Protein chains: 2
Amino acid sequence: MAAELPAHSLIAKHRPTLDQALETIRTRAYWSPHPEHPKAYGENGSLGMAEGKAAFDALLGTRLDLGQPGTDDWVGDETSPYGPTLGVTYPHADIDTLLPAMKAGQRAWRDAGAEARAVVCLEILKRISDRTHEFAHAVMHTSGQAFMMAFQAGGPHAQDRGLEAVAYAYAEQVHTPDDAEWTKPQGKRDPLAMTKRFKPVPRGIALVIGCNTFPTWNGYPGLFASLATGNAVLVKPHPRAVLPLALTVRVAREVLAGAGFDPNLVALAVERPGEGIAKILATRPEIRIIDYTGSTSFGDWLEANARQAQVYTEKAGVNTVLVDSTDNYKGMLSNLAFSLSLYSGQMCTTPQNLLIPRDGITTDEGPKSYDEVVADLAKSVSGLLGDDARANALLGAIVNPDVKARLEAAAGLGEVALASREISNPEFPGAVVRTPVIVKLDGAKPDDEAAYMSECFGPVSFAVAVDSTADAVELLRRTVREKGAMTVGAYTTSGEVADSIEEVCLEECAQLSLNLTGGVYVNQTAAFSDFHGSGGNPAANAALCDGAFVANRFRVVEVRREA
Amino acid sequence: MAAELPAHSLIAKHRPTLDQALETIRTRAYWSPHPEHPKAYGENGSLGMAEGKAAFDALLGTRLDLGQPGTDDWVGDETSPYGPTLGVTYPHADIDTLLPAMKAGQRAWRDAGAEARAVVCLEILKRISDRTHEFAHAVMHTSGQAFMMAFQAGGPHAQDRGLEAVAYAYAEQVHTPDDAEWTKPQGKRDPLAMTKRFKPVPRGIALVIGCNTFPTWNGYPGLFASLATGNAVLVKPHPRAVLPLALTVRVAREVLAGAGFDPNLVALAVERPGEGIAKILATRPEIRIIDYTGSTSFGDWLEANARQAQVYTEKAGVNTVLVDSTDNYKGMLSNLAFSLSLYSGQMCTTPQNLLIPRDGITTDEGPKSYDEVVADLAKSVSGLLGDDARANALLGAIVNPDVKARLEAAAGLGEVALASREISNPEFPGAVVRTPVIVKLDGAKPDDEAAYMSECFGPVSFAVAVDSTADAVELLRRTVREKGAMTVGAYTTSGEVADSIEEVCLEECAQLSLNLTGGVYVNQTAAFSDFHGSGGNPAANAALCDGAFVANRFRVVEVRREA
């Protein structure tokens, strides 16, 4: 059967996008082929707002049959953080049947070469992009993100990160040519002459272990990096956030089949409650690559036990913002207030510890004491979230009961500078919506240290009083070194202080945002330009996305013969 | 104090070489800046034959003082495989003093940037190249390689592999620009504009654990890859092969100091007999990268235990040559005879198992039975090594008593097709020189399988009778999958058989040489063109050299601020 979308037509369609992505990862200027505005969709084959909602609604209560081999049951019990149960069931796999089936198509996928794989990946991303509105609802009702964030972060931004991974994977594979002629002079004798062929070969089957909060954004880089380098990919979503990745797998299988490849190159593994298949899959000999986002404890377990695989982990960190001084006090407060509030602080990049000298700081509005800074920040957050509609649009819902429990416990850790407030969501009365809590702690008190030196994932921030900026810099160093950090922020008008913070970030390997007072936030990174994590501190062993993220997902085999 | 050789003058001197290396790793055509012929040295500051020998002789019996901090003793008891004791002693380090001293210069080295580091590395290689004759004797009298091989493999070929690693490291670091301006349109509002700086940062201190047989060739890739990516490098040579790496460290320290950097960025760690410092060093928190060549057992130990480090290992494998048919019987025999004989088979790339159908093969000289092929190969080896002077020049000396013991035991494993012969070396009467043994085994006998499925490092080859070529292909697959292989060779006139062998090598990730009958041998690889190992089978977790070998030796830290 002829492929309905053969590689050559996909090359014609997507090569310009691939080239632009390749160019952009080198310039790191702004670019994205995926529109951020909901109204940009609805034409040229993409689903508009109403169509996307209808497509999502039509999924509820259904069985999502992916046509996978070895399906021995139908499982799934997702409940939206906004209240409704989704009622979607997914294939449960007999992995002794599914894993061998996933290997069957690997040879053709390998032999297709780096360019064909890249454009097939781009076609998958394009079809996902066309359904961005449908994905937005799926992400919203599994992660608890508010609609607009689910739309952007779960849609175009996730697609950007996937495309970025494809570009890196392609660049790394074509670094070595397909063929070489090698002729070595031998003085008066005939030269030695060899013909060499080089082929990137996959490691095997890659496993993507998805997370609850950003199923697509955190799942796409590993998925597309592995697929683009010739591996089959088994996607094991978080049990509370299956739907966005199940839809992703469905699109990938359709595109693979349409392009003449085996759809089983991408498959889904959903578990029964308590089945714990991540550990079982992660140590199977067929699994040679693992991408994981989640808790430090399971990430550490994977690194220690999945020894047959290349393991890429994004775990937990303690993100710090160091406040020394500012020439834009209002801008600093509003920028920080937004960062603390967005998605109720349920981002791996949300600041947790705000280090503020106990003697206060200098600002364009005169000196501000520690208490004033904390009170002003609390006011700024309250102002930002004062209107319930706006608060709902920013906060989204608390993703799970653990986060709610941590939020409630945090108030007991110190003096509460800003209490968390319950917000009702008229559209979804079942949603648990909470504003962030800010707790004052003393950097010098051992009891307080136990609190601020642990990750408290969720809408909890600690305003940590420190003896001086120099003290803060040293605490920053210790925090990154011991606990890791996905992000570091700092506010200072002093070049010397900026230098000392930058030096700590260079030495401890953390990504630094300096003096953000406008519309870019410490907890947001842009694909093709910003690195997400550094891969060099305990928060993550890889960065999104760089050469190291892709280079070891394939190997190069050489066949040489005399010319 | 001004640097005597500042980076800008080194850039002018070495940038063309770096550019040529960067070009060559992309074309993989032949190139080397390091002359292979001994007579090419002696002018333009390089040591000639007599000067090199004199320099080596002057080292014997001396203390090699590198001026390292924390030196608490002088150790070393190398004995040449050719007989003489070297009598050179080296600094023994108090690592609690040495490791912190190695970190002192890292900031300046990091801040110098990728290009300055690359040209400093090239200057180190140039000064080593100038002393190639001296290094040749040092390699010869620690590895047991014959002079010409020690000269070429220990000199220009090792330098090529070092330069190749520098080129890969440079290319990977400059993939990300130093700076970026990022401007994101916001509809009618002002665009978001950010200024971003990106800096490659080292992981920390890298440890190179050297081997006995190829101290420079196997040591240089990791050493230069780590140094070029900003790390300090601690070199821990094999206790029987210290001198070549000690001389390397001496040159590196001189060049670093001359270029205005801290010489302690490169240091030597030599152990007292039985001290076992490799394990101690490998698990120190300061050590973040390890390059190791040696036994599977210690390589596996490192991978399991040195969890704080990126670990690159080249361990043991069982290399196979599959013989199906040939249109150049004589060429095949002489090519194989050379591969089995060179350096008494003490290369990680030497073929061990020759798989030959028990019903014989077709050749340009008519059909040949299994027995004939084995007898003809034995004759070819005997002919090659019939003249003692030539035999000495090819075989070198047995590197250590373990190899000699394995050689002697091998004769008891099956019918001996070619017995090992003792050869006297008039120049070095103390040298243990042995021709290879060829033992006939039956692929179908379990007892024989125990022999041919284990690595038997040294001048031992097994002529394994198999039921058919198809049987041989499956045995090849099983051998690579279970035991690993640095090299695979095959002889066939059938395109179909070649395809099936190639497919096994692609699936099991092994480097394949097809139908070699001339002056290129399965056990030799050329830098810039051939990959050494694949990094995808149990013999090694990395290849020399590719992007994966360098990409994770550094991380990139981004500092962003509003434009």
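Parameters and conventions
Residues numbered from 1 in each chain as written. Chains lettered and ligands numbered in written order. Predicted model: local features only at pLDDT ≥ 70, side-chain atom pairs only at ≥ 80, totals over all residues. Helix = DSSP H or I, 4+ residues; strand = E, 2+ residues; numbered from the N terminus. Rg over C-alpha atoms; globule rule 2.2 N^0.38 Å. Buried ≥ 20, exposed ≤ 12 C-beta atoms within 10 Å, placed from the backbone. Least-squares fit on C-alpha atoms with pLDDT ≥ 70 in both. Contact = placed C-beta atoms within 7 Å. Nonpolar A, V, L, I, M, F, W, Y, C, P; charged D, E, K, R; others polar. Pairing = 2+ DSSP bridges. Right-handed = clockwise from strand over helix to strand, strands pointing away. Core = buried A, V, L, I, M, F, W, Y, C linked by C-beta atoms within 7 Å. Axes fitted to C-alpha atoms, helices over the stretch in contact; angles between N-to-C directions. Parallel < 35°, antiparallel > 145°, perpendicular 65-115°, else oblique. Left-handed = near helix turned anticlockwise from the far one by under 90°. Domains from an automatic or database assignment. pLDDT = per-residue confidence, 0-100. Arc of directions from axis to C-beta.

J.: It is not clear to me how the overall build of chain A should be interpreted in this structure. Could you clarify?
T.: Broken down by element type, chain A carries 19 helices and 19 strands. The globule rule puts the C-alpha radius of gyration for 563 residues at 24 Å, and the 25 Å found for chain A is close to it. The buried share among the 563 residues of chain A stands at 61%.

J.: Any chance you could explain the relation of the copies chain A and chain B here in plain terms?
T.: Taken together, a rotation about one axis and a shift along it account for how the two chain copies relate. Rotating chain A by 180° and moving it 0.0 Å along the rotation axis overlays it on chain B with an RMSD of 0.0 Å. Each copy turns onto its partner about a two-fold axis. Residue Ala548 of chain A of chain A places its C-alpha closer to the rotation axis than any other residue of that unit, at 3.3 Å. Most of the interface of chain A is mirrored in chain B: 98% of its interface residues are interface residues there too.

J.: Explain the environment of Val460 of chain B to me, please; I cannot follow it from the model alone.
T.: All names here are of chain B. With respect to the helices and strands, Val460 occurs in strand S16 (residues 460–466). Of the residues examined, Val460 has 26 C-beta atoms within 10 Å and is grouped as buried. Between the C-alpha atom of Val460 and that of Gly414, which follows or precedes it by 46 residues, the distance is 12 Å. Each residue touching Val460, except ones within four places of it in the same chain, is listed here: Gly345, Arg406, Leu407, Ala410, Pro436 and Val437.

J.: In this structure, what is going on with the interface of chain A and chain B? I would like to understand it.
T.: Where the parts come together, the accessible area they lose is often given as the size of the interface. Contacts between the two partners involve 54 residues from chain A, matched on the other side by 53 residues from chain B. Where the side of chain A that touches chain B is concerned, the elements lending two or more residues are helix H1 (7–27), strand S3 (179–186), strand S4 (189–202), helix H18 (495–508), strand S18 (512–514), helix H19 (547–551) and strand S19 (554–562) of chain A. Here the side of chain A that touches chain B is built from residues that sort into 23 nonpolar, 15 polar and 16 charged. Pairing of S19 of chain A with strand S18 (residues 512–514) of chain B involves three bridges; the strand directions are parallel. Residue pairing in the sheet places Arg561 of chain A in a bridge with Leu514 of chain B of S18 of chain B.

J.: Whenever I open this one, the pairing of strand S15 (residues 437–442) of chain B confuses me. Can you help?
T.: Remember that side chains alternate between the two faces of the sheet whenever the strand is regular. Residue and element names in this part refer to chain B. For S15, the buried fraction is high: five of the six residues fall into the buried class. Bridge analysis of strand S12 (residues 415–418) against S15 gives three bridges, and the strand direction is antiparallel. Across the sheet, Val416 pairs through a bridge with Val439, a residue of S15. In this fold, S15 hands off to helix H16 (residues 446–452), which returns the chain to S16; that crossover is right-handed.

J.: How should I be thinking about the nonpolar core in this particular structure?
T.: The nonpolar side chains of soluble globular proteins are, as a tendency, buried together. One finds Ile290 of chain A together with Ile290 of chain B to be the most contacted residues of the largest nonpolar core, which totals 383 residues. Considering every element that reaches this core, the biggest residue donor is helix H7 (residues 147–173) of chain B, with 14 residues.

J.: It is not clear to me how the packing of helix H7 (residues 156–173) of chain A against helix H8 (residues 220–228) of chain A should be interpreted in this structure. Could you clarify?
T.: When two helices pack together, you describe them by how their axes are tilted relative to each other and by the distance separating the axes. Residue and element names in this part refer to chain A. H8 packs onto H7 with a crossing angle of 30° between their chain directions and a minimal axis gap of 8 Å. Classified by the angle between their axes, H7 and H8 sit roughly parallel to one another. Crossing hand, H7 versus H8: right-handed. Here H7 contributes Ala158, Arg161, Gly162, Ala165, Val166, Tyr168, Ala169 and Tyr170 to the contact with H8, which in turn contributes Tyr220, Pro221, Phe224, Ala225 and Ala228.

J.: In this structure, what is going on with unusual backbone geometry? I would like to understand it.
T.: All names here are of chain A. The omega torsion across Leu544 and Cys545 is -5°, close enough to zero to call that bond cis. Within the secondary structure, Cys545 is located in the loop between S18 and H19. Unusually for a residue other than glycine, Cys509 sits at a positive phi of about 65°. As for its placement among the helices and strands, Cys509 is situated in the loop between H18 and S18. Residue Cys509 is classed as buried on the basis of its 27 C-beta neighbours within 10 Å.

J.: I'm lost on the sheet that holds strand S6 (residues 232–236) of chain A in this one. Help?
T.: Across a sheet, paired strands are connected by hydrogen bonds in the backbone, their directions being either parallel or antiparallel. All names here are of chain A. Strand order in the open sheet formed by five strands is S7-S6-S5-S8-S9, with parallel pairing between adjacent strands. The strands lining the two open edges of the sheet, one partner per strand, are strand S7 (266–268) and strand S9 (310–314). Each adjacent strand pair in this sheet contributes to an overall mean axis angle of 15°, direction not counted. Two elements, S6 and S7, share three bridges in a ladder whose sense is parallel. Note on S7: the bridge partner recorded for Val233 is Val266. With respect to the sheet, helix H9 (residues 243–258) is in contact with S6 and S7, its orientation differing from that of S7 by roughly 150°.

J.: Is there a simple way to think about the environment of Met194 of chain A in this case?
T.: Here Met194 of chain A lies in strand S4. With 21 C-beta atoms counted inside 10 Å, the residue Met194 of chain A sits in the buried group. It is 8.2 Å that separates the C-alpha atoms of Met194 of chain A and Ala180 of chain A, two residues lying 14 residues apart in sequence. Dropping the residues within four chain positions of it, Met194 of chain A is found in contact with Trp182, Arg560, Arg561, Glu562 and Ala563 of chain A together with Val520 of chain B.

J.: Would you explain the pairing of strand S8 (residues 287–293) of chain B in this entry?
T.: Residue and element names in this part refer to chain B. Within S8, seven of the seven residues are buried, which leaves it mostly tucked inside the rest of the structure. One ladder, built from five bridges, connects strand S5 (residues 205–209) with S8; its direction is parallel. Note that in S8 the partner of Ile205 across the bridge is Ile287. Each parallel crossover has a hand, and for S8 linked through helix H11 (residues 296–305) to strand S9 (residues 310–314) it is right-handed.

J.: Help me understand the packing of helix H5 (residues 132–143) of chain A against H9 of chain A, please; the structure alone is not making it clear to me.
T.: Residues and elements named next belong to chain A. In the contact formed by H5 and H9, the axes pass within 8 Å of each other and the chain directions differ by 150°. In terms of axis orientation, H5 runs roughly antiparallel to H9. Residues Phe135, Ala138, Val139 and Thr142 of H5 touch H9, and the partners they reach there are Leu243, Pro244 and Leu247. Here the contact of H5 with H9 is built from residues that sort into six nonpolar, one polar and no charged.

J.: Would you mind showing me how to read the sheet that holds S5 of chain B here?
T.: All names here are of chain B. Here five strands make up an open sheet; going across it, the order is S7-S6-S5-S8-S9 and the pairing parallel. Sheet topology places strand S7 (266–268) and S9 at the edges, where each strand pairs with a single neighbour. Here the average twist between neighbouring strands, direction ignored, is 15°. Sitting on the sheet, helix H9 (residues 243–258) is in contact with strand S6 (232–236) and S7, with an inclination near 150° to S7. Along the sheet face, H11 touches S8 and S9 and points at about 165° away from the line of S9.

J.: Whenever I open this one, the domain arrangement of chain A confuses me. Can you help?
T.: Partitioning chain A into domains gives domain 1 (64–315 + 543–562) and domain 2 (320–514). Across the side of domain 1 of chain A that touches domain 2 of chain A, the residue classes tally to five nonpolar, six polar and two charged.

J.: Help me out: how do you make sense of the confidence of the model for chain A in this one?
T.: Detail in the predicted coordinates should be disregarded across regions flagged by low pLDDT. The share of residues in chain A with pLDDT of 70 or more is 100%, and the mean pLDDT across the chain is 97. Across the interface, the model reports ipTM at 0.97; the global pTM reads 0.97.

J.: Looking at this structure, I do not really get helix H15 (residues 401–410) of chain B. What am I missing?
T.: Think of an α-helix as turning once every 3.6 residues; residues three or four places apart then point the same way. Residues and elements named next belong to chain B. Every buried residue belonging to H15 is among Val403, Leu407 and Ala410, and all of these are buried. For H15, the angular spread of the buried residues around the axis is 65°, confining them to a single face. Of the exposed residues in H15, the ones pointing more than 90 degrees away from its buried face are Pro401, Asp402 and Ala405. Where the residues of H15 are buried, they touch strand S14 (433–434), S15 and S16.

J.: Hey, could you run me through the environment of Arg553 of chain B in this one?
T.: Residues and elements named next belong to chain B. Positionally, Arg553 belongs in the loop between helix H19 (547–551) and strand S19 (554–562). By the C-beta count within 10 Å, which is 28 here, Arg553 ends up buried. Sequence separation of Arg553 and Ile289 is 264 residues, and the distance between their C-alpha atoms is 7.0 Å. Contact partners of Arg553, with chain neighbours within four places excluded, come to Arg203, Ala225, Ser226, Thr229, Asn231, Ile289 and Gln310.

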